[in-house]
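Reading the structure
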Amino acid sequence: MKVTSKPAHLKSVPDDYHAAPGTHQLPTHISIENLSLKIDTQIIFDKLSLPIYENRINTLIGPSGCGKSSLLNCITRLSDYNNSSLEGKIILDNNDLLHKKTDLIKLRRKVGMIFQKPVPFPMSIRKNFALPLKEHGVRNTYDIEQKMENALRAVGLWKEISNRIDTRADKLSGGQQQRLCIARVLALEPKAILMDEPCSSLDPMATAIVEELIVGLKEKYTIFLVTHNLAQAKRIADFVAFMWYHDGHGRLIEHNHADVIFEKPSNPITAAYVQGLTE
């Protein structure tokens with residue numbers, strides 16, 4: 001539900017926020033700097049700045065309509081279309097991803113994306129890996145097979161489906177499909193993985209498996225996770241950023257260590273949200 005107002009007792013949204021104590025010592029993998037997104041005449045969010053820390057689970061929470069998914073789409077440039085405009089910077093490897101000369105194919109190999117609903121291609125499991133790998137320049141059949149197997153092993157799927165590699169991927173269970181989609185991203189050897197509500201369509205057992213997988217992935221990858229599930233964020237996040245819908249567009253309210261956001265947030269709006277006191 002889009003939140004268009006706040007309880008009267010809550011203070012105004014701050015113009016900026018202070019970095020979490022000690023985070024200046026952490027390597028920032030992706031730096032979002034004064035980013036503003038407008039679609040037609042509608043401001044989605046304005047002057048948003050956020051560090052995404054390397055090899056951590058960076059989680060973004062907030063009500064529907066505040067621009068969380070749109071922010072993910074900006075990083076991968078999926079927000080590029082005729083009626084949208086972006087201002088600011090998104091820095092990765094000392095390069096601004098918003099530069100007009102950015103190679104989008106290379107970008108989307110470097111930064112993988114997992115969506116709310118699993119989106120396996122309606123073809124065999126094998127072709128689900130061969131197609132994107134070939135698109136990104138991997139032509140050798142042996143290399144494709146090895147990357148597929150290694151990725152499926154990394155998400156715990158190889159033993160479950162190794163005898164079904166030539167069957168349709170969309171015949172797998174929901175949880176298996178989502179792990180396959182994660183494996184398909186891993187096969188491209190990204191540096192960071194963006195996840196937009198990756199467990200929203202899964203049952204509790206499948207959710208637990210995917211959450212355990214996400215925690216393990218941060219050893220090798222930077223994770224930026226959007227979720228409406230506050231319990232999930234509390235279970236697995238290292239850092240949490242909280243966005244709120246204010247004055248007609250999304251604003252970043254607070255960013256800190258996960259335990260601080262859930263136990264001692266500095267802003268009453270954050271406190272009300274994580275305690276379930278806002279709609």
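Quick note: structure is the one above.
Residues numbered from 1 in each chain as written. Predicted model: local features only at pLDDT ≥ 70, side-chain atom pairs only at ≥ 80, totals over all residues. Heavy atoms only, no water.

Enumeration according to the criterion identifies three aromatic pairs in this entry. Ring centres 6.1 Å apart and planes at 55° place the aromatic pair phenylalanine 242 and tryptophan 244 in the tilted group. You'll find phenylalanine 242 and tryptophan 244 in the same group, each marked buried. Taken together, Phe242, Trp244 and Tyr273 form an aromatic cluster joined through their ring pairs. In this structure, arginine 184 is placed above the aromatic ring of phenylalanine 121, and the distance from its NZ or CZ to the ring centre is 4.1 Å. (Phe/Tyr/Trp six-rings, centres within 6.5 Å; stacked < 30°, edge-to-face > 60°. Buried < 20%, exposed > 50% of the residue type's maximum accessible area, 1.4 Å probe, protein only. Lys NZ or Arg CZ within 6 Å of the ring centre and 35° of its normal.)

Bringing the pairing of strand β10 (residues 249-257) into the picture now. A large share of β10 lies buried, amounting to eight of its nine residues. With eight bridges connecting them, strand β9 (residues 239-246) and β10 associate as antiparallel partners. Bridge assignment links alanine 241 to a residue of β10, and that residue is histidine 255. In this structure, the hairpin formed by β9 and β10 is closed by a connection of two residues, where aspartate 247 is found at a positive phi of approximately 55°. (Helix = DSSP H or I, 4+ residues; strand = E, 2+ residues; numbered from the N terminus. Pairing = 2+ DSSP bridges.)

Now for the pattern of salt bridges. Per the stated rule, a full pass over the model turns up eleven salt bridges. With its nearest N and O atoms 2.8 Å apart, the salt bridge here joins glutamate 189 to lysine 147. Of the two residues, glutamate 189 is situated in the loop between α6 (174-186) and β7 (192-196) and lysine 147 in helix α4 (residues 141-154); the sequence distance between them amounts to 42 residues. Accessibility expressed as a relative area gives 52% for glutamate 189, which makes it exposed. Connected via shared salt-bridge partners are Asp93, Lys110 and Lys191. (Salt bridge = Lys/Arg side-chain N within 4 Å of Asp/Glu carboxyl O.)

With that settled, the discussion passes to helix α3 (residues 125-135). Turning to α3, its buried residues number three or more, namely Ile125, Asn128, Phe129, Ala130, Pro132 and Leu133. Those residues of α3 that are buried are in contact with α4, α5 (158-161) and α6. Phi turns positive, to about 95°, at glycine 137, one or two residues after α3. (Contact = heavy atoms within 4.5 Å.)

Here strand β1 (residues 28-39) runs beside strand β4 (residues 84-92); their pairing, made up of eight bridges, is antiparallel. Counted as the bridge partner of serine 36 is glutamate 87 from β4. With two bridges joining them, β4 and strand β5 (residues 95-96) adopt antiparallel strand pairing. Of the residues in β5, the one forming a bridge with leucine 92 is asparagine 95.

The biggest cluster of nonpolar side chains holds 38 residues, and the ones touching the most others in it are Phe129, Leu152, Ile182, Ile193, Met195, Leu217 and Ile223. Those elements that place two or more of their residues in this core are α3, α4, α5, α6, β7, α7 (204-217) and β8 (222-226). For leucine 152, the residues in contact, after removing those within four places along its chain, are Phe129, Leu157, Trp158, Ile161, Ile165 and Ala183. Core analysis: the second largest hydrophobic core is formed by 30 residues, Leu35, Ile52, Leu60 and Leu98 among them. (Core = buried A, V, L, I, M, F, W, Y, C linked by side-chain atoms within 4.5 Å.)

A few words now on the state of the cysteines. Summed over all chains, the structure comprises zero disulfides. Of all cysteine sulfurs, the one in cysteine 74 lies closest to cysteine 66, which takes part in no disulfide; the gap is 13 Å. The thiol of cysteine 181 is not disulfide-bonded; the next cysteine sulfur, from cysteine 199, is found 12 Å away. (Disulfide = S-S within 2.5 Å.)

The next subject is the side chain of arginine 184. With respect to the helices and strands, arginine 184 occurs in helix α6. Sequence-distant contacts of arginine 184, defined by excluding residues within four places in its chain, comprise Val119, Pro120, Phe121, Asn128, Phe129 and Pro132.

Let's shift gears to the environment of leucine 104. Position of leucine 104 relative to the elements: it lies in helix α2 (residues 104-110). A residue is classified by how much of its surface remains accessible, and leucine 104, at 26% relative accessible area, is partly exposed.

Attention now moves to a nonpolar patch on the surface. A grouping of Leu78, Phe115 and Val119 is seen on the molecular surface, where their side chains present a nonpolar patch of about 220 Å² in accessible area. Here leucine 78 is to be found in the loop between α1 (68-75) and β4. Exposure remark for leucine 78: the relative accessible area of 35% places this residue in the partly exposed category. (Patch = residues over 30% accessible without salt bridge, like charges linked within 9 Å, V, L, I, M, F, W, Y side chains within 5 Å. Areas by Shrake-Rupley, 256 points an atom, 1.4 Å probe, with all protein chains shown as cover.)

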